[in-house]
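Listed below, chain by chain, are the residues.
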Amino acid sequence: AGDVGQGRQAAFARRMAGIVLFQLRSGSEYVCSVRAGTVKMTGAMVYSGTRRPLFTSAGGVAILQTLPPDEARTALQDNGNHETRSHGTTRMEGLQRMLVKSDEHGFGVNLGYIVQGSNAFGVPVRTAKGGVFAGVCLIGLAGDRWRTMALSIVLAAVGAVLAMQGAVRAGVESWPITSGAA
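Residues numbered from 1 in each chain as written. Predicted model: local features only at pLDDT ≥ 70, side-chain atom pairs only at ≥ 80, totals over all residues. Heavy atoms only, no water.

## Structural notes on the overall build of the protein
Here is step 1: Across its full length, the protein holds 6 helices and 6 strands.
Here is step 2: Taken from N to C terminus, the helices and strands of the protein fall in the order α-β-β-β-α-α-α-β-β-β-α-α.
Here is step 3: Expressed as a percentage of the 182 residues in the protein, the buried residues total 45%.
Here is step 4: With an accessible surface of roughly 8,900 Å², the protein has 54% of that area assigned to carbon and sulfur atoms. (Helix = DSSP H or I, 4+ residues; strand = E, 2+ residues; numbered from the N terminus. Buried < 20%, exposed > 50% of the residue type's maximum accessible area, 1.4 Å probe, protein only. Areas by Shrake-Rupley, 256 points an atom, 1.4 Å probe, with all protein chains shown as cover.)

Structure (structure tokens):
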């Protein structure tokens, strides 16, 4: 099932001329389980095995959006404390802007708020019972293609999530996944 999901993720990354991350939730952080695609940029330093606070990625923000309010507040507080310890307050304005814009859109949106010239969209991945266990994040260079394709990129990201959920469902009976994205 993992190979099928990785293949679909790689094909999606090529079609969108970007990088696709499959990010598993781990408390108030995500762990990148799969990275597919290549784009030369200075800020996309997330690879398979990378662990980061949820609020540092559009995919992580998409996960945060699905949490109960108290749990989301606690995760955001943990994330803010981690960010301040690790990087100071330099990126906090951009991270806050990503949270606000994502809330306005209903999915993870980062239009260069953290790394100038790098755009990202994220959607959650749900279990059969509706809980979110992961997010899919599409990252690409800010340019004409991404500006004119923003809605179709998000719709394609949702389609990719549905395809990955189907691939997981087909291969792992003990880990049922639904076809509903956020």
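## So, the pairing of strand S6 (residues 132-141)
Here is step 1: In terms of residue burial, S6 counts as a mostly covered element, since 9 of its 10 residues are buried.
Here is step 2: Direction of pairing for strand S1 (residues 19-26) relative to S6: antiparallel, over a ladder of 6 bridges. Residue Gln23 lies in a different strand from S6, and its bridge partner there is Gly135.
Here is step 3: For strand S5 (residues 118-126) and S6, the ladder comprises 9 bridges, and the chain directions are antiparallel. Bridging from a neighbouring strand, Pro124 pairs with Gly135 of S6.
Here is step 4: Turn length for the S5-S6 hairpin, with the two strands adjacent in sequence and antiparallel, is 5 residues, and the turn residue Gly130 shows positive phi of about 95°. (Pairing = 2+ DSSP bridges.)

## What about the nonpolar core?
General note: in soluble globular proteins, nonpolar side chains tend to be found buried as a group.
Here is step 1: Judged by nonpolar contacts, the single largest core of 23 residues is most densely connected at Leu21, Leu64, Cys137 and Ile139.
Here is step 2: For this core, the secondary-structure elements that each account for two or more residues are S1, strand S2 (29-36), helix H2 (58-64), helix H3 (69-87), helix H4 (92-105) and S6.
Here is step 3: With 4 residues, H2 is the largest single contributor of residues to this core. (Core = buried A, V, L, I, M, F, W, Y, C linked by side-chain atoms within 4.5 Å.)

## Section: the pattern of salt bridges
Here is step 1: Taken as a whole, this structure holds 5 salt bridges when the rule is applied.
Here is step 2: A salt bridge links Glu71 to Arg25; the shortest N-O distance between them is 2.6 Å. Residue Glu71 is located in helix H3, and its partner Arg25 is located in strand S1; the two are separated by 46 residues in the primary sequence. (Salt bridge = Lys/Arg side-chain N within 4 Å of Asp/Glu carboxyl O.)

## Comments concerning H4
Here is step 1: Compared with the 20 Å implied by 1.5 Å per residue over 14 residues, the 20 Å span of H4 between its first and last C-alpha is a close match.
Here is step 2: Contacts made by the buried residues of H4 are with H2, H3 and strand S4 (108-111). (Expected span 1.5 Å × (residues − 1). Contact = heavy atoms within 4.5 Å.)

## Observations concerning the state of the cysteines
Here is step 1: Counted according to the given criterion, the structure contains 0 disulfides.
Here is step 2: Of all cysteine sulfurs in the structure, the one in Cys137 sits closest to Cys32, which takes part in no disulfide; the separation is 9.2 Å.
Here is step 3: Among the residues examined, Cys137 registers a relative accessible area of 2% and is labelled buried. (Disulfide = S-S within 2.5 Å.)

Spatial relationships are all this shows, so hold off on functional conclusions.
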